[in-house]
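So the chains spell out like this:
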Amino acid sequence: MIARLTAREWREDLLMAAGFLGVGTLLLVVAPEVAITWTRDFDQASPLWPRFGVIAVASLGVVLRRASPIVGLLILGGAMLTSVVVIENTPLGVMLVFGDLLYCAVRFTSRAASWAVAGASTAVIGVASVVSLISDGGRAALLVSLNLVLALAVPVMWGREVRRHSELADIQRDRAEQAKRMSELDRKAAVAEERSRMARDLHDVIAGQLSAIAIQSEAALSIPDVDNATLRKVLTSVRRNSVASLSEMRTMIGLLRADGSGDADPRTSPAGLDRIDTLLDAGRETGLTITVADRRPPDVEIPAAVDLAAYRIVQESLTNAAKHAPGSAVRLTLEHAAGALVVTVANDLVPDAPAGGGTGTGLLGLRERAGAVGGSVDARADGGTWTTRAVLPVETKVAAGR
């Protein structure tokens, strides 16, 4: 069976075969006596072309060193058999090819074939050593064993070791890819969960605004002979709530398009910065020392989606501080700058703090929530302080009636 190789791999093996042919020919010309002679009356002055032909045929097997090493060994075997029976002399270049193809037969074949080649090589060494010991004595057996170890055992052991490291590398690579896939699945699950939660919050906001529109409209219709000032005030409120509802509806539709999952969770009243005191009290109960600097102007309306995002960012930041810097001092700053609500939560880092656990998706959820309203979140360590800074765009519009 021939393995599939790239064009580059075929070229490399062709160049390897040419290299073995060149080196074998050079050794044959320069030192023809450096060879395995199978008879004592072999004439070293005999023509070189038969031995060159054996080297050329053996080099053809190198072309298949990775595509089909076993077939390459068979081609080499035919060349070596010819050199033994017909020429009675095996050039050194053929033995070099033999070592390379034996290595490749262990390295690039199936697991069963690799072990079969290794076992056959071991058996040849053992049988030849025993036969030599019986026929020629201990010294000859030792020399035969050493020669066969160099010719057979070294390429086999080298091939097995390289193969083992390659298999371990493949296993580690597969594990890394699997871990990467699992990490990506966890990230997607965290994003989907955060989007679903944001959509639920916005649903409650929109429901409240539509309820206000219905109540105000019903009140205007119920009042007999309503004056123009009252009617205008009611219609102004209705229009403001309608525009806000449309804006929140667009945000929620975008979230649902990205998520695509249903919502079977019970509805709860959405949180906002107006309920931040409860959040701060909960943080102080964990041992945090929290100071607040609220520099927001009193006459600026914040869209509900931005209000929700700011609350969740403060909530997650306080949670992270309690986990990773227990008992630290936390500074919360709320301010408007360049048409955006800027939320900054800074806490002192605690040396040798215990690991806080968690899933590692908190910052991902914050960035997802901020990004949904067109904002951004930056979290980093600066000296001995961990700072989370969120910039959330708002329309700086003076609230009517304030």
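Structure first, text after, so check above.
Residues numbered from 1 in each chain as written. Predicted model: local features only at pLDDT ≥ 70, side-chain atom pairs only at ≥ 80, totals over all residues. Heavy atoms only, no water.

**Quick word on the packing of helix α2 (residues 49-62) against helix α4 (residues 92-107)**
Then comes step 1: The geometry of α2 relative to α4 is characterised by a closest axis approach of 9 Å and an angle of 15° between their N-to-C directions. Viewed along their axes, α2 and α4 adopt a mutual orientation that is roughly parallel. The handedness of the crossing between α2 and α4 is left-handed. Of the residues in α4, those in contact with Val54, Ile55, Ala58, Ser59, Gly61 and Val62 of α2 are Val94, Val97, Asp100 and Leu101.
Then comes step 2: Of the residues belonging to the contact of α2 with α4, the class tally is 7 nonpolar, 2 polar and 1 charged. (Axes fitted to C-alpha atoms, helices over the stretch in contact; angles between N-to-C directions. Helix = DSSP H or I, 4+ residues; strand = E, 2+ residues; numbered from the N terminus. Parallel < 35°, antiparallel > 145°, perpendicular 65-115°, else oblique. Left-handed = near helix turned anticlockwise from the far one by under 90°. Contact = heavy atoms within 4.5 Å. Nonpolar A, V, L, I, M, F, W, Y, C, P; charged D, E, K, R; others polar.)

**Quick word on the packing of helix α1 (residues 7-30) against α4**
Then comes step 1: Interhelical geometry of α1 versus α4 gives an angle of 150° and a closest axis separation of 8 Å. For the element pair α1 / α4, the angle class is roughly antiparallel. Contacts from Phe20, Val23, Gly24 and Leu27 of α1 reach α4 at Leu92, Gly93, Leu96, Val97 and Asp100.

**Description of the pairing of strand β3 (residues 289-294)**
Then comes step 1: Two elements, β3 and strand β4 (residues 329-337), share 6 bridges in a ladder whose sense is parallel. Directly across from Asp294, in β4, lies its bridge partner Leu334. (Pairing = 2+ DSSP bridges.)

**Points about the packing of aromatic side chains**
Then comes step 1: With the rule as written, the count across this model stands at 1 aromatic pair.
Then comes step 2: Pairing Tyr103 with Trp158 gives two aromatic rings, centres 4.8 Å apart and planes at 35°, and the pair type is tilted. Taken together, the residues span a long stretch of sequence, with Tyr103 in helix α4 and Trp158 in helix α6 (residues 138-222) at a distance of 55 residues.
Then comes step 3: Using a relative accessible area of 12% as the deciding quantity, one classes Tyr103 as buried. (Phe/Tyr/Trp six-rings, centres within 6.5 Å; stacked < 30°, edge-to-face > 60°. Buried < 20%, exposed > 50% of the residue type's maximum accessible area, 1.4 Å probe, protein only.)

**Digging into the side chain of Thr333**
Then comes step 1: Note that Thr333 resides in strand β4.
Then comes step 2: Looking at Thr333, the relative accessible area reads 16%, which means it is buried.
Then comes step 3: Setting aside residues no more than four positions away along its own chain, Thr333 makes contact with Ala293, Arg295, Val342, Val343 and Thr344.

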